[in-house]
Every structure is written in C-alpha cells, then in structure tokens.
Amino acid sequence: MRLNVAKIKAYGDAGLNAVTTILSIGAVSSVIGSSSVAAIETARVALQNALTEFSNSAGSNVTITYDSTSFKSQIDSILEGGGIEELFVDALV
C-alpha cells in the first residue's frame, strides 16, 4: 500500500487550520477559557511540527507492506514492521 504524503500533510494542515479558525472566534475562546486555549494551541503547534517532520522524513510517498492473511495479521505486521512507526516516532521526538 502506498500513501501519498502530500495528501496526508494537506489533510493534517486543514484540520489544524480549522482548530485555529475555531479558536479565533471570541465566543468559543471565552467559553473554554484561556488555559484551555493555551493547551490547545500548544498541542496544535506540536502536531504541526510533527506533521512537517513526518513529511520531510517520508518524502513524497510511504510504502507500507503487510501480511494480508487476516485482519489481525495485517495490523500486527504494520505495527511490527517498524517503517511507519519509526517515521512517526522520529517526527514526534
């Protein structure tokens, strides 16, 4: 299976932009409080940095190979394969 990293980044950016837009609405920010807004903004920045690092590390495509004999083996082989996991861990560190 091949994942288009540019599309993943575009969807991630769209989600993060939606968070920024929602927080820019005064009524929303005042209801959830400044400490919650600060926590959400901190998480947004961390996710943005991780998304950028993932994109930079992965290049234009990521190929995932897996054992397709059963649903459980598909999930297990993806998680144990290391490739995707290493990209995400590298992006978060």
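Everything below is about the structure shown above.
Residues numbered from 1 in each chain as written. Predicted model: local features only at pLDDT ≥ 70, side-chain atom pairs only at ≥ 80, totals over all residues. Heavy atoms only, no water.

A look at helix H3 (residues 34–58)
Next up, step 1: The terminal C-alpha atoms of H3 lie 36 Å apart, and with 25 residues this matches the ideal 36 Å at 1.5 Å per residue to within 8%.
Next up, step 2: Those residues of H3 that fall on the buried side of the exposure criterion are Arg44, Gln48, Ala50, Leu51, Phe54, Ser55 and Ala58. (Helix = DSSP H or I, 4+ residues; strand = E, 2+ residues; numbered from the N terminus. Expected span 1.5 Å × (residues − 1). Buried < 20%, exposed > 50% of the residue type's maximum accessible area, 1.4 Å probe, protein only.)

Observations concerning the pattern of salt bridges
Next up, step 1: In this structure the tally under the stated criterion is two salt bridges.
Next up, step 2: In this structure, lysine 9 engages aspartate 13 in a salt bridge whose closest nitrogen and oxygen atoms are separated by 3.0 Å. Residue lysine 9 and its partner aspartate 13 are located together in helix H1 (residues 5–23), separated by four residues, close to a single helical turn.
Next up, step 3: Across the salt bridge formed by glutamate 41 and arginine 44, the nearest N and O atoms sit 2.7 Å from each other. Highlighted residues: glutamate 41 and arginine 44, both in helix H3, separated by three residues, approximately one helical turn.
Next up, step 4: A residue is classified by how much of its surface remains accessible, and glutamate 41, at 30% relative accessible area, is partly exposed.
Next up, step 5: Arginine 44 gets classed as buried once you look at its relative accessible area, which sits at 18%. (Salt bridge = Lys/Arg side-chain N within 4 Å of Asp/Glu carboxyl O.)

What to know about H1
Owing to its 3.6 residues per turn, the α-helix brings residues three or four apart onto one side.
Next up, step 1: Between its first and last C-alpha, H1 extends 27 Å over 19 residues, near the 27 Å set by a 1.5 Å rise per residue.
Next up, step 2: Turning to H1, its buried residues are Val5, Leu16 and Leu23. The arc that holds every buried residue of H1, seen down its axis, measures 20°, which confines them to one face. Opposite its buried face, H1 presents the exposed residues Ala6, Lys7 and Tyr11, each directed more than 90 degrees away.
Next up, step 3: At its buried positions, H1 is contacted by strand E1 (2–4), helix H2 (26–32), H3 and strand E2 (61–63).
Next up, step 4: The N-terminus of H1 is capped by asparagine 4, whose side-chain oxygen sits 2.9 Å from the backbone nitrogen of alanine 6. (Arc of directions from axis to C-beta. Contact = heavy atoms within 4.5 Å. Polar contact = N/O pair within 3.5 Å; in protein donor to acceptor, adjacent residues only side chain to side chain.)

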